[in-house]
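Chains, contacts and geometry: an overview
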Amino acid sequence: MEADRRVLIVAYDDAQILDIACPSGALDMANRAGAQPPYRVDVVSVAGRGVRTSAGIVLGSRPLEAIHGPLDTLMVVGGAGTERAAADHHLLDQVRRLARHSRRLASVCTGAYVLAAAGLLEHRRVTTHWGYGAELAARFPSVAVDTAPLYIRDGNVYTSAGVTSALDLTLSLIDDDHGPALARTVARILVTYVHRPADQEQISMFLAAAPREDRVVGDLLAYVAAHLAEDLSPGALAARAGLSTRQLARLFATHAGTTPARAVREARAEAAAHLIRRTALPMTAVARRCGFGSVQTLRAALRARYGMNGDTMRKNTDIPMAGPEAGDDTSAA
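Quantities reported herein were computed from a predicted structural model and do not represent experimental measurements.

Taken as a whole, this structure holds zero aromatic pairs when the rule is applied. Positioned above the aromatic ring of Tyr-158 is the side chain of Arg-104, whose terminal nitrogen or guanidinium carbon lies 5.9 Å from the ring centre. Just above the ring of Tyr-223 sits the side chain of Arg-240; from NZ or CZ to the centre is 3.8 Å.

As structure tokens, this is what we get:
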């Protein structure tokens, strides 16, 4: 039997507990579901000190200094204590040492700061939590920071956006190691969905609130999200807000950075992607529910926003096509 896949999760005081729990929990479930070779996960810290997470929970750990390779995966987590961790030269030395003996490196959230400070992200394309990407790029100009995706793989370096995206990243690692069937099994055990694709954006338009000072734009975006199949033309939205179409366009440009028509197209495309990935609805039904006049316009919207078609979005799911429209054309989008 092959040796265990050794996974080290590097933690420190004020680490985010979900950054630790999501990967370790998913890998544990992979073992229980039959991963061969299994994962052997250790939380490690400088001198093996207990790690007090930002949630106040103290976790036991093994000393970084006592670990020797070879390793399968070296993962650094993020959290409120990242600044201190990225300035701890002893910690960085140990991370660099272990990285030389690791098949792959990974970070969760602001753990990318630690890898960058250790010089391990030079000329790599990486991601981190959307709120910290600009600072990471400014501090480490040789690192190509992209905060749009949930996670990024560049060679043997994997970085993720943070918190629950650590689960998506870990499911992707399981998929790479053991195949999609085991990744789907783990997702079902964890009562989550098959891991979200890496290119799914960190910030959903349904969560991105308009600035408080412009209630009109915020209210209209909420209305759009709840009435996708209705008339959402600029004229209809302007009439709803009691504005001229020119006034509406100025408000959207100022407070949403887009036009009303583009905001509607993006909302419809995002809702369609959600239905494609999470339901068995055929494309004709998805198009109708999301306000697209045809499967062809749905297909064009998906390609414009995500660079892929409906089949590609759905191919890694285990949802069978069902229902009265199952015979409809599902490959057109």
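Our next topic: the packing of helix H8 (residues 215-226) against helix H9 (residues 234-241). Contact pair H8 / H9: the axes reach a minimum separation of 11 Å and the direction vectors enclose 125 degrees. Comparing the axis directions of H8 and H9 gives the class oblique. Two packed elements cross with a definite hand, and for H8 against H9 that hand is right-handed. Mapping the contact onto sequence places Val-216, Leu-220, Tyr-223 and Val-224 in H8 and Leu-237, Arg-240 and Ala-241 in H9.

Residue Pro-37 is bonded to the preceding Gln-36 through a cis peptide linkage, with omega at 0 degrees. Mapping Pro-37 onto the fold places it in the loop between helix H1 (17-32) and strand S2 (39-45). Between Gly-69 and the following residue, Pro-70, the backbone shows a cis peptide bond with an omega angle of 0 degrees. In this structure, Ala-47 is a non-glycine residue whose phi angle is positive, near 65 degrees.

Here we come to the nonpolar core. With 38 residues, the main nonpolar core has Val-10, Leu-74, Val-95 and Leu-121 as its most contacted residues. Listed by contribution, the elements that provide at least two residues to this core are strand S1 (5-10), S2, strand S6 (71-76), helix H2 (82-86), helix H3 (89-99) and helix H4 (111-117). If we ignore the near neighbours within four places in the chain, the residues touching Val-10 are Val-44, Leu-64, Leu-74, Met-75, Val-76, Val-77, Leu-91 and Val-95. Among the nonpolar cores identified, the runner-up in size contains 34 residues, and Val-224, Leu-237, Ala-238 and Val-295 belong to it.

Moving on, we get to the environment of Thr-192. Positionally, Thr-192 belongs in the loop between helix H7 (180-189) and H8. Assessed through its relative accessible area of 34%, Thr-192 is described here as partly exposed. Here the alpha-carbon distance between Thr-192 and Asp-168, two residues 24 residues apart in the chain, equals 9.8 Å. Those residues in contact with Thr-192, other than ones at most four positions away along the chain, are Leu-167, Leu-171 and Ala-187.

With that out of the way, let us pick up the confidence of the model for the protein chain. In the predicted model, the protein chain carries a mean pLDDT of 86, and 87% of its residues have values of at least 70. Note that pLDDT drops below 50 for residues 209-213; the model gives that stretch four contacts with residues more than four away or on any other chain. pLDDT under 50 marks residues 318-333. Its contacts with residues more than four places away, or in other chains, come to 37 contacts.

The buried fraction of S2 is high, at five of seven residues. For S1 and S2, the ladder comprises six bridges, and the chain directions are parallel. Its bridge partner being in S2, Val-10 is matched across the sheet by Val-44. Once you follow S1 into H1 and on to S2, the crossover reads as right-handed. Two strands pair when backbone bridges link them, and S2 and strand S5 (residues 62-63) are joined in this way by two bridges, in the parallel orientation. Across the sheet, the residue bridging to Val-44 is Arg-62, located in S5.

For H8, spanning twelve residues, the distance from its first C-alpha to its last is 17 Å, which sits close to the expected 16 Å at 1.5 Å a residue. Among the residues making up H8, those that are buried are Val-217, Leu-220, Leu-221, Tyr-223 and Val-224. Down the axis of H8, the smallest arc covering the buried residues is 160 degrees, so these residues share one side. Of the residues in H8, the exposed ones pointing more than 90 degrees away from the buried face are Arg-215 and Ala-226.

In the structure shown here, the tally under the stated rule is 18 salt bridges. Of the charged contacts in the structure, one is a salt bridge between Arg-5 and Asp-72, with a shortest N-O distance of 3.4 Å. On the criterion of sequence distance, the pair formed by Arg-5 in strand S1 and Asp-72 in strand S6 is long-range, its members being 67 residues apart. Residue classification places Asp-72 among the buried positions, given a relative accessible area of 7%. Asp-42 is paired through a salt bridge with Arg-62; the nearest N and O atoms lie 3.3 Å apart. Within this pair, whereas Asp-42 is found in strand S2, its partner Arg-62 is found in strand S5, the two being separated by 20 residues in sequence.

What counts, and at which threshold
Here the residue numbers are simple positions, counted from 1 along each chain's written sequence. The predicted nature of this model means local features are confined to residues of pLDDT at least 70 and side-chain atom pairs, given and counted, to a pLDDT of 80 or more, with totals for whole chains, interfaces and linings taken over all residues. Water and hydrogen atoms were dropped before computing side-chain values, which therefore reflect all heavy atoms in the structure. Side-chain rings of Phe, Tyr and Trp, where Trp is taken by its six-membered ring, are said to pair if the distance between their centres is within 6.5 Å; with planes under 30 degrees apart they count as stacked, over 60 as edge-to-face, and otherwise as tilted. Two conditions define a charge sitting above a ring: the NZ of Lys or the CZ of Arg must be within 6 Å of the ring centre, and it must be within 35 degrees of the ring normal. Axis definition: a line fitted to C-alpha atoms, limited for helices to the stretch in contact. Angles are taken between N-to-C directions and run from 0 to 180 degrees. Strands here mean DSSP runs of E at least two residues long; helices mean DSSP runs of H or I at least four residues long; both are numbered from the N terminus. Roughly parallel covers angles under 35 degrees, roughly antiparallel covers those over 145, roughly perpendicular covers 65 to 115, and oblique covers all other angles. Note: crossing handedness is left-handed where the near helix turns anticlockwise from the far helix by less than a right angle, and right-handed where it turns clockwise. Contacts are assigned to residue pairs with any non-hydrogen atoms lying within 4.5 Å of each other. Side-chain atoms within 4.5 Å link the members of a nonpolar core, which is a set of buried Ala, Val, Leu, Ile, Met, Phe, Trp, Tyr and Cys residues. Partly exposed residues are those whose accessible area sits between 20% and 50% of the maximum for their type, while under 20% is buried and over 50% is exposed, using a 1.4 Å probe and protein chains only. Think of pLDDT as the predictor's per-residue confidence, scored from 0 to 100. Each pair of strands is called paired provided DSSP finds at least two bridges between the two strands. Crossovers are marked right-handed if the path from the first strand over the helix to the second runs clockwise, as seen with the strands pointing away from the viewer. Helices are assigned an expected span. That span is 1.5 Å times one less than the residue count. Here the arc refers to the set of directions running from the helix axis out to each C-beta atom. What makes a salt bridge here is a side-chain nitrogen of Lys or Arg within 4 Å of a carboxyl oxygen of Asp or Glu, nothing more.

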